[in-house]
Amino acid sequence: MLKKRGAGVLLHISSMPSPYGIGVFDENTLHFIDRISEMGFTYWQVLPFNPPDASNSPYCSPSAFAGNYLFINPQGLCEMGLVTEDEVKENCYDGSPYSAAFDFAAEKRLSLLQKAFYRIDDKIAADIKAFELKNHWLTDYAVFMAVKELEDGKPWWQWSEQHARYFDCIKSVFDYEERAAFWKFVQYIFFLQWNEIKRYANKKGIAVIGDMPIYVAMDSADVWSSLNLFLIDEKSLTAKKVAGVPPDYFSENGQLWGNPLYDWEAMKKDGYGWWLSRLEHALAIYDTVRIDHFRAFASYWAIPAESETAKVGEWLDGPKMDLFNAVFEKFGKDAPIIAEDLGIFGEDVVKLLQDTGFPGMKVIQFGFDPNGDSSHLPHNATPNSINYVGTHDNNTLLGWLWEASEEERSFALDYCRFDKSKPWGEGGYYSASCRSIIETVWQSPSNVAVIALQDMCGFGADARMNTPGVPEKNWAFRTTRETIDSIDTAYFQRINALYRRMYPVFDKKQK
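None of these values were measured; they are calculated from a predicted model.

Rules used throughout
Residues numbered from 1 in each chain as written. Predicted model: local features only at pLDDT ≥ 70, side-chain atom pairs only at ≥ 80, totals over all residues. Heavy atoms only, no water. Phe/Tyr/Trp six-rings, centres within 6.5 Å; stacked < 30°, edge-to-face > 60°. Helix = DSSP H or I, 4+ residues; strand = E, 2+ residues; numbered from the N terminus. Buried < 20%, exposed > 50% of the residue type's maximum accessible area, 1.4 Å probe, protein only. Lys NZ or Arg CZ within 6 Å of the ring centre and 35° of its normal. Pairing = 2+ DSSP bridges. Salt bridge = Lys/Arg side-chain N within 4 Å of Asp/Glu carboxyl O. Expected span 1.5 Å × (residues − 1). Arc of directions from axis to C-beta. Contact = heavy atoms within 4.5 Å.

## A few points about the packing of aromatic side chains
Applying the stated criterion across every chain, the model contains 57 aromatic pairs. Where W159 meets W224, the ring centres are 5.8 Å apart and the plane angle is 65°; that geometry is what we call edge-to-face. Of the two residues, W159 is situated in the loop between α6 (137–150) and α7 (161–164) and W224 in helix α10 (residues 221–225); the sequence distance between them amounts to 65 residues. Comparing W159 with W224 shows no difference in burial state: the two are buried. If you follow R409 out to its NZ or CZ, it ends over the ring of W424, 4.1 Å from the centre. Looking at R435, its charged tip hangs above the ring of Y491, at a distance of 3.8 Å from the centre.

Structure (structure tokens):
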């Protein structure tokens, strides 16, 4: 896997078509898998499955292990006999199919799951218990969510003293037993439904690339239950330093993420057990895992907790190969991991990438510097890399062309051998300018090429998934079944075959 030439499509679950205001694990997701398999793709990349924060970002979650209950298919609950058809209809959304209705979906799905929970039988209860025994993280997460409800949704450090202190709280776990049982049920259903989707994808010859945020949220079950593993003052329950990045391509002020930083010395004492558990969990639910902000394992930007911008900070050493030697001992040298090595980085990151042997990332939009020879230009790529037309953080391809300077755009079109007798600004499924750039990525030496669904359709900037550093109006892109069916199948079949990207990553009989 990742060593053969292949191609993938980037589309998150939330962006899938569905009648429920947001994508779910239903027949529409299966149809998407059918379509990309028909086009000759061998990978499907998703964003993190973790529950999102208040801004709907899946990169800042109350758990590094739990799944987002918004993705649970209401009809699937009906087929299990836990809800009625009328109750499923109450989850249907009559608003725009082009934007995720997060608030609507959250309210309706939670209510539906509560009804389903009270109707489980002894067999499901036994299955949930077995699921809990196999997933060590579930008990703490369920208690965290149950107590959070009791504390009116406040962040854990604002809870009463008894609840804020994990070891005091867990002693009274029976006080929260029923509500915690509900959250265990929710996670059981999530992974039950997802495993069916993944099995279907694998049978179609599609490997799933998952996404792992390097950091966890301060207000998370992970931090609350393991304070000693983070740079947090255990008396005041406040972070000493927080995560982010200095000014870069995406933001002139840098990005102040605010996540607590890891205490790598503390993690080293037990052989990085928390990280090994997290990777084991991720590799069980995906076929390959992309680790976001990989560079922080080499060195990371530490910002004073009281700072208002990311401009002020210092680079501190990460665990480097000490961590990954433990990873290789547990998962083998060929662990299917992709390193997101974008942004500002130095020789320490280059060396860590070489030492691990993980494929890094190339993004062609970053390469269009008319005055340089960027490592992101496809001719500079190596086979051991993943080459992107654009990631979830990039503008769409058409949006980039319209917003680039004339000099950048001219260079990009020349580099990609665009026929300038055609209009460069036309979008849509047959956009000549988009296709010239897509084909340039497909021709690259990189073993894997990835395209976002928006760029397969030639959509403009209004279909962008996320703008880094901008807290609002992100993550909401959705598509429709009609859109997916309108993609030019023959074109993608042709370029996947022409540039030898149709080799299966595993035998379809294997899964």
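What follows picks up the thread again.
## Some remarks on the pairing of strand β12 (residues 360–363)
Burial along β12 is two-sided: the residues G360 and K362 and M361 and V363 are all buried. Sheet analysis places β12 next to strand β13 (residues 385–388), joined by four bridges and oriented parallel. If you follow V363 over to β13, its bridge partner there is Y388.

## Brief notes about the pattern of salt bridges
For the structure on display, the rule yields 23 salt bridges. Between K129 and E132 there is a salt bridge; the shortest N-O distance is 3.7 Å. Taken together, the residues span about one helical turn, with K129 and E132 both in helix α5 (residues 122–134) at a distance of three residues. Using a relative accessible area of 10% as the deciding quantity, one classes E132 as buried. Among the ionic pairs, E161 bridges to R165, the shortest N-O distance being 3.1 Å. Overlapping salt bridges, with partners in common, bring together R35, E38 and D485 in one network.

## Focus on helix α4 (residues 102–117)
Taking 1.5 Å per residue, 16 residues should reach 22 Å; α4 reaches 22 Å between its end C-alpha atoms and fits that length. What α4 keeps buried is the set F102, A105, R109, L112, L113, A116 and F117. Taken around the axis of α4, the buried residues stretch over an arc of 135°, which confines them to a single face. Within α4, the exposed residues directed more than 90 degrees away from the buried face are D103 and E107. Contacts from the buried residues of α4 go to α2 (74–79), α3 (85–89) and α9 (177–203).

## Focus on unusual backbone geometry
Even without a glycine there, the phi angle at L2 is positive, about 70°. With respect to the helices and strands, the residue L2 is situated in the segment before β1 (6–10). By relative accessible area, L2 is classed as buried at 6%. Notably, K320 is not glycine yet its phi reads approximately 55°, a positive angle. Along the chain, the position of K320 falls in the loop between β10 (314–317) and α13 (321–331). A relative accessible area of 28% places K320 in the partly exposed class.

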